[in-house]
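# Coordinates in review
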Amino acid sequence: MANLKDSPNFQVYDDYYTPKSAWERVGKSIRKQEILVDKVVDNENKAECFIHRPPKVWEACMLGADLSKSDQYLTELGCEVIADRTMNCLEQQPEDWDIIITNIPFDKTKKIPILERFVELDKPFMVIMNSMNTFTKYFHRIFKGKEKDLQIITPSKKINFDKLENGVLRPTKNCSFYSVYVCYKFNLPPDHLWID
């Protein structure tokens, strides 16, 4: 058995971008977040009709991510997307949004405050993270007391991110880690938590 402490140190590299396939895999879970706009009651037939709209998605980790196409990919899934590449999500937020969907930075000095901020905002969010994060003390501290609102979508295979090398995005073929989708207040049914 290997011990990660025996492994050589590696440099954290944050210039990875989320491929379209990563968002397509959770498309049905995103669409499930429709927002109730109105309820119409038909007194004659004693029936209720609910009117919904797609969620307004804040792609919150776009600061400096000039090559990211996450906002485009989420729009193609039917979402209204707010993505401001000059907005620091730790200090600002859009005026009108329903949920956060993003791939947060790998570097834990950035990741921890972002997770804390999202939980503090107390609105639904979905973030892509290395699955090993779920075993950390900081993850357990951040979500302590909020366990009922926490769900994790586990894909059957790795997400292979696009890596920025010499100004060009290149697809990777065998990512060195497994990723999960950490969801907060998404209220997903069990069949959404294991995906292909």
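Going by the structure above, here's the rest.
Note that the coordinates shown come from a computational prediction; the quantities given were computed from them, not determined experimentally.

### Some words on the overall build of the chain
The helix and strand inventory of the chain stands at five helices and 12 strands. The C-alpha atoms of the chain give a radius of gyration of 18 Å, which matches the 16 Å a tight globule of 196 residues would have. A principal-axis box enclosing the C-alpha atoms of the chain has dimensions of 70 × 35 × 35 Å. Residues classed as buried in the chain amount to 41% of the 196 residues present. Contacts in the chain between residues at least 24 apart in sequence constitute 69% of all its contacts with a sequence separation of at least 6.

### Considerations on the packing of aromatic side chains
Going through the model one piece at a time under the given rule, you end up with eight aromatic pairs. On the basis of an interplanar angle of 50 degrees and a centroid distance of 6.3 Å, the ring pair of Phe143 and Tyr184 is categorised as tilted. Here Phe143, found in helix H5 (residues 137-143), pairs with Tyr184, found in strand S11 (residues 179-184); they are 41 residues apart in sequence, far enough to count as distant. Taken together, Phe118, Phe125, Phe139, Phe143 and Tyr184 form an aromatic cluster joined through their ring pairs. Seen from the ring of Phe106, Lys111 lies directly overhead, with NZ or CZ sitting 5.3 Å from the centre.

### Re the sheet that holds strand S1 (residues 16-17)
Pairing is antiparallel in the open sheet, where three strands are placed in the order S1-S9-S10. The open sheet has two edge strands, S1 and strand S10 (168-171), and neither has a second partner. Note that S1 and strand S9 (residues 162-165) share two bridges and pair antiparallel. Counted as the bridge partner of Tyr16 is Lys163 from S9.

### A short note on the pairing of strand S2 (residues 35-42)
One ladder, built from seven bridges, connects S2 with strand S3 (residues 47-53); its direction is antiparallel. Opposite Ile35, over in S3, you have Arg53 as the bridge partner. Here S2 hands over to S3 after four residues, with Lys46 in that stretch at a positive phi of 50 degrees.

### Topic: the side chain of Thr18
Looking at the element boundaries, Thr18 is found in the loop between S1 and helix H1 (20-24). Once residues within four sequence positions are removed from consideration, Thr18 is found in contact with Trp23, Ser70, Tyr73, Asn103, Ile128 and Phe161.

### So, unusual backbone geometry
The general pattern is negative phi for most residues beyond glycine and trans for most peptide bonds. Phi at Asp122 takes a positive value of approximately 60 degrees, unusual for a residue other than glycine. Among the secondary structure elements, Asp122 is positioned in the loop between helix H4 (108-121) and strand S7 (125-130). Owing to a relative accessible area of 34%, Asp122 belongs among the partly exposed residues under this scheme. Even without a glycine there, the phi angle at Asn166 is positive, about 55 degrees. With respect to the helices, strands and loops of the structure, Asn166 is situated in the loop between S9 and S10. Residue classification places Asn166 among the exposed positions, given a relative accessible area of 77%.

### Quick notes on the sheet that holds strand S8 (residues 150-155)
Where strands meet in a sheet, backbone hydrogen bonds hold them as pairs that are either parallel or antiparallel. Taken together, the seven strands give an open sheet; going across it, the order is S5-S4-S6-S7-S11-S8-S12, and neighbouring strands pair in mixed fashion. Edge positions in the open sheet fall to strand S5 (80-82) and strand S12 (194-195), since each of these has one partner strand only. Where S8 and S11 come together, four bridges link them in antiparallel fashion. If you follow Leu150 over to S11, its bridge partner there is Tyr184. Relative to the sheet, H4 contacts strand S4 (56-58), strand S6 (99-103), S7 and S11, its axis offset from that of S7 by approximately 160 degrees.

Parameters and conventions
- Residues numbered from 1 in each chain as written.
- Predicted model: local features only at pLDDT ≥ 70, side-chain atom pairs only at ≥ 80, totals over all residues.
- Heavy atoms only, no water.
- Helix = DSSP H or I, 4+ residues; strand = E, 2+ residues; numbered from the N terminus.
- Rg over C-alpha atoms; globule rule 2.2 N^0.38 Å.
- Buried < 20%, exposed > 50% of the residue type's maximum accessible area, 1.4 Å probe, protein only.
- Contact = heavy atoms within 4.5 Å.
- Phe/Tyr/Trp six-rings, centres within 6.5 Å; stacked < 30°, edge-to-face > 60°.
- Lys NZ or Arg CZ within 6 Å of the ring centre and 35° of its normal.
- Pairing = 2+ DSSP bridges.
- Axes fitted to C-alpha atoms, helices over the stretch in contact; angles between N-to-C directions.

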